[in-house]
Amino acid sequence: MSTEHTRLVAALRELRVRAGLSLAALAERTPYSKSSWERYLNGKSLPPRQAVRELCRLADEPDGRLLVLREIAESHWSGRAVATAPAASPDESTPHSQELPPPDGTRRRRLRRSRLLVVLAAAYTVVVGGVAALLFLLLPDSEARETESLPASVPFSFAPLCQGAACEGQDPMRLICGVGPDTLASYRTATGAHVELRHSAKCGASWARTWATEIGDRVDVTAGGPTHGVRIRNKGDAATFVYTEMTEVHPGSTVRACFRPAAADGERECFEARVGAATTTADPSSPQ
């Protein structure tokens with residue numbers, strides 16, 4: 001499974017959790033069955049473009065970035081499915097009755113190559129199966145009971161791909177810290193952009209995400225250490241969620257986000273939240 005497919009699955013899971021929809025509810029509200037959604041959310045099957053659009057609609061999420069991820073994932077998916085037939089050698093045009101048996105050395109080399117291919121195929125199967133099982137464990141326990149294909153015993157346990165200082169400066173979606181995070185605070189800027197401070201207790205890290213932005217806008221986040229920022233570079237960024245890199249936090253840490261609009265005369269707007277405190281919501285009239 002490609003990195004883009006893994007990120008797509010993680011993002012779709014986050015949307016489903018945020019929308020509060022079970023697999024059965026997704027089947028009722030979309031043209032796709034419960035078993036289809038189970039495959040899409042476990043990485044067993046690449047979701048159609050319309051399925052991605054439907055889930056984004058139900059979660060009130062712009063679909064631009066996820067559709068781009070899906071297109072990249074599809075190119076990898078279909079590329080793996082293409083097998084190039086070996087070119088015919090001149091010897092293959094000779095009738096079998098006239099072929100001479102290969103020398104013993106040639107037979108031994110072919111046997112070794114065949115054994116190597118069998119070993120590689122087995123290793124590939126184990127790796128693919130492991131990734132699928134890992135993604136399956138990302139489903140909440142309530143959803144695991146709904147799926148028909150849950151194995152009796154899965155030899156993998158889900159754990160964050162980074163913790164604390166190891167998350168500093170890393171992508172929350174790529175390291176799967178962005179699945180089911182907490183929202184520490186929400187803020188709506190004077191330009192209408194939205195900024196949220198997000199937190200993963202499992203990863204011990206926080207970050208900011210923003211949407212409804214304009215090209216050139218910037219968001220920075222810090223928890224007293226390094227500052228990590230993201231700039232809206234193009235229309236695709238402006239049409240969907242954009243995330244900063246993560247910063248290490250601890251219970252009681254104060255996380256601060258600042259929004260800087262693209263306009264030269266725009267003022268910087270900052271707000272804060274404390275890890276472990278109640279979620280706060282603010283607008284330009286009441287910045288924190």
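This section reports on the structure supplied with the text. Remember, predicted model here, so these are calculated numbers, not experimental data.

## A short note on the side chain of Asp217
If you trace the backbone, Asp217 turns up in the loop between strand E3 (205-211) and strand E4 (218-222). The charged side chain of Asp217 is buried without a salt bridge, its nearest counter-charge being Arg231 at 7.5 Å. From its side chain, Asp217 meets the backbone nitrogen of Ala262 in a polar contact 2.7 Å long. Residues within four places of Asp217 in sequence aside, it is in contact with Val230, Arg231, Ile232, Phe259, Arg260, Pro261 and Ala262.

## So, the state of the cysteines
Tallied over the full model, the rule gives 3 disulfides. Each sulfur of the disulfide joining Cys258 and Cys270 lies 2.0 Å from the other. One quick way to see it: the torsion about the S-S bond of Cys258 and Cys270 is about 110°, and its sign makes the bridge right-handed. Of this pair, Cys258 sits in strand E8 (residues 254-260) while Cys270 sits in strand E9 (residues 269-274), and the two are 12 residues apart along the sequence. Here Cys258 and Cys270 have matching classes, each one buried. Across the protein chain, the way the bonded cysteines pair up, counted in sequence order, is 1-2, 3-4, 5-6.

## Some remarks on the sheet that holds strand E5 (residues 228-231)
A sheet is described by the order of its strands in space; here 4 strands give the open sequence E5-E4-E8-E9, paired in antiparallel fashion. The open sheet is flanked by E5 and E9, the only strands paired with a single partner. Shown here is a sheet whose adjacent strand axes are inclined to one another by a mean of 15°, direction ignored. For E4 and E8, the ladder comprises 5 bridges, and the chain directions are antiparallel.

## Notes on the packing of aromatic side chains
This model, assessed by the stated rule, comprises 6 aromatic pairs. Relative to Phe241, the ring of Trp211 lies with its centre 4.8 Å away and its plane at 85°, an arrangement referred to as edge-to-face. A residue pair is termed long-range when its members are at least 10 positions apart, and Trp211 in strand E3 and Phe241 in the loop between helix H8 (235-238) and strand E6 (242-243) qualify at 30 residues. Residue Trp211 is classed as buried on the basis of its relative accessible area of 19%. We classify Phe241 as buried; its relative accessible area is 3%. Ring centres of Phe241 and Tyr243 lie 6.5 Å apart, and the angle between their planes is 55°; on these two criteria the pair is classed as tilted. Pair check on accessibility: Phe241 and Tyr243 agree, each one buried. Every member of this aromatic cluster is reached through a ring pair, and the members are Tyr32, Trp37 and Tyr40. One residue, Arg209, lies across the ring of Phe241, its end atom 4.0 Å from the ring centre.

Calculation rules
Residues numbered from 1 in each chain as written. Predicted model: local features only at pLDDT ≥ 70, side-chain atom pairs only at ≥ 80, totals over all residues. Heavy atoms only, no water. Helix = DSSP H or I, 4+ residues; strand = E, 2+ residues; numbered from the N terminus. Buried < 20%, exposed > 50% of the residue type's maximum accessible area, 1.4 Å probe, protein only. Lys, Arg positive; Asp, Glu negative; His and termini not counted. Salt bridge = Lys/Arg side-chain N within 4 Å of Asp/Glu carboxyl O. Polar contact = N/O pair within 3.5 Å; in protein donor to acceptor, adjacent residues only side chain to side chain. Contact = heavy atoms within 4.5 Å. Disulfide = S-S within 2.5 Å. Pairing = 2+ DSSP bridges. Axes fitted to C-alpha atoms, helices over the stretch in contact; angles between N-to-C directions. Phe/Tyr/Trp six-rings, centres within 6.5 Å; stacked < 30°, edge-to-face > 60°. Lys NZ or Arg CZ within 6 Å of the ring centre and 35° of its normal.

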